[in-house]
Structure formats: structure tokens, C-alpha cells
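# Architecture at a glance
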Amino acid sequence: MKIIEKITLKELQAMTGEYYDDMIKGVVDVRNGILALNAALHSEIKSFLLDGGSAQEDLWGINIFPFLEGEDFIVYESLINIRPAQNNRSNIVQDGNLKKQIAKIVHSKII
Amino acid sequence: MTRSRKTLQERFEQMPLAEQMGNIGSEVSRATYFKNKNNPEQVFNCIARALELTDSSIKAAQKNKLRGTLKELCLMREVMCDYFLGNNEYNINIKSFQNYFTQFAIAAALKKGK
């Protein structure tokens with residue numbers, strides 16, 4: 001598990017297989033523009049980022065499929081996203097603008 | 001958030017962890033009751049309250065730099081969501097999960113009894 005500053009697509013693809021065959025779990029801190037990747041559970045990445053000072057309400061779980069393209073590259077689904085207090089009652093990120101924000105941060109890290 | 005709700009949250013965060021977990025466990029028990037009654041709306045309401053309390057516990061653990069507690073609370077939260085609102089992919093045994101909270105409630109009660 002690590003915080004990603006910059007990563008190539010090939011490096012992302014090489015990351016798969018450690019926990020999941022074709023997918024990498026990640027958590028994005030939308031306030032601070034942080035992307036952390038690669039653990040068995042989103043909750044592990046979440047606690048890692050909380051330990052680093054992120055706020056719960058800014059953290060959103062995603063799955064990256066580095067061998068897929070377009071809208072399949074990022075799936076905005078995670079149990080940590082179930083947050084009734086923030087009006088997200090599903091494991092899928094409901095807010096379209098928030099999804100865009102997450103995608104922008106993810107893509108900004110890929111060189 | 002209303003002022004009274006914020007005060008309650010602050011009071012909850014200051015409770016000992018065992019007492020916090022006991023309270024969360026109460027909501028989990030209620031959610032289990034309604035799950036067995038096949039009432040998803042009430043399950044959601046109970047879990048929404050459980051999540052609110054859990055998030056307060058997480059905030060307190062973060063503030064107090066309790067790394068191990070933080071990790072466990074985040075895991076517990078994910079497992080709770082998986083069982084009650086997901087597909088139980090983690091194959092949770094609900095009796096064991098409820099027992100987990102019961103131990104905290106007992107610890108809290110014993111401490112208060114001292």
C-alpha cells in the first residue's frame with residue numbers, strides 16, 4: 001500500500017495480482033488530492049490515510065482496472081463509501097461532481 | 001448538524017472506547033432484529049445510526065493517535081456495511097459479530113460497577 005505521486009500505466013498494471021487479478025483498490029482524499037493504492041481492503045487504506053491526517057469525509061473508495069479503458073478504468077464502488085450522513089447511501093459514489101473530482105485526481109497521477 | 005446533535009457527538013467521542021462500542025453494538029443488535037424480520041428500511045436506519053457512532057469513534061481514535069484502534073474501527077465499519085448493506089462477501093457470522101460488541105458492553109458495565 002502506498003501514496004501515489006506519479007505512476008505509469010505499466011506500473012499500475014504491474015501492481016495487479018498482489019491482491020486481485022485485474023484490479024487495484026484505492027482511496028482518494030479529495031480535499032488534499034491524495035491517491036493511495038493497493039491493499040486487500042479499502043478500510044486498510046482508509047485507516048492509513050486517516051493516520052496521515054486525512055478527514056473521513058474527504059475519503060472515497062475506488063477500484064482501478066488498469067487493463068480497461070474509458071469509464072471502466074475507475075469504478076467508484078466501495079463499502080467505505082456508504083455514508084448516510086453525507087447523503088451517500090450506497091457503496092457507489094452518487095454525486096457526479098464528486099466522481100469527476102476523484103477521476104481528475106487519479107488521472108493527474110498517471111504519467 | 002444541529003447544535004444538540006453536535007454536543008451529543010462530542011460527548012460520545014469523550015466516552016471510553018468500551019462504552020462507545022457498546023452503544024454501536026446496540027444499533028447492530030437492532031439492525032439484526034430487523035434483518036431477521038426482513039425490514040430493509042429499518043435495517044438501514046439502524047445501520048445509519050451505527051455508522052454515525054462508528055465515525056465518531058474513528059474521529060476520536062484519530063485525534064488520540066490510536067493507530068491500532070483506528071485500523072480496527074475502520075475494518076469493523078467495512079464489515080458492518082458488508083453484512084447489513086452488502087452481499088456478506090466477508091462471510092460474517094452474525095452471532096460472532098454481535099459477541100464482539102457484547103464483550104465491550106460487558107467491559108464498560110464492569111468498569112462502571114467499580
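As the structure is a computational prediction, the values presented were derived from the model and not from experiment.

### Notes on the interface of chain A and chain B
Contacts between the two partners involve 17 residues from chain A, matched on the other side by 18 residues from chain B. Of the roughly 1,600 Å² buried between chain A and chain B, counting both surfaces, carbon and sulfur atoms make up 62%. On inspection of chain A and its partner chain B, the count reaches one salt bridge. Note that A:Asp51 is salt-bridged to B:Arg67, the shortest N-O span being 2.5 Å. A per-element tally of the side of chain A that touches chain B places helix H2 (residues 42-51) of chain A first, with six residues. Here the side of chain A that touches chain B is built from residues that sort into six nonpolar, six polar and five charged.

### Focus: the sheet that holds strand E3 (residues 34-37) of chain A
All names here are of chain A. Here five strands make up an open sheet; going across it, the order is E1-E3-E2-E4-E5 and the pairing antiparallel. Among the strands making up the open sheet, the edge pair consists of strand E1 (2-3) and strand E5 (74-75). Relative to E3, strand E2 (residues 24-29) is paired through four bridges, and the arrangement is antiparallel. Looking at E3, one finds that Gly26 is bridged to Leu37.

### Some thoughts on the side chain of A:Asn38
Residue and element names in this part refer to chain A. Position of Asn38 relative to the elements: it lies in the loop between E3 and H2. Accessibility expressed as a relative area gives 7% for Asn38, which makes it buried. There is a polar contact of 3.0 Å between the side chain of Asn38 and the side chain of Glu18. Asn38 has contacts with Met1, Met15, Glu18, Tyr19, Ile24, Lys25 and Ile45, leaving out every residue within four places of it along the chain.

Conventions and cut-offs
- Residues numbered from 1 in each chain as written.
- Chains lettered and ligands numbered in written order.
- Predicted model: local features only at pLDDT ≥ 70, side-chain atom pairs only at ≥ 80, totals over all residues.
- Heavy atoms only, no water.
- Contact = heavy atoms within 4.5 Å.
- Buried area = accessible area lost by both parts, 1.4 Å probe.
- Salt bridge = Lys/Arg side-chain N within 4 Å of Asp/Glu carboxyl O.
- Helix = DSSP H or I, 4+ residues; strand = E, 2+ residues; numbered from the N terminus.
- Nonpolar A, V, L, I, M, F, W, Y, C, P; charged D, E, K, R; others polar.
- Pairing = 2+ DSSP bridges.
- Buried < 20%, exposed > 50% of the residue type's maximum accessible area, 1.4 Å probe, protein only.
- Polar contact = N/O pair within 3.5 Å; in protein donor to acceptor, adjacent residues only side chain to side chain.

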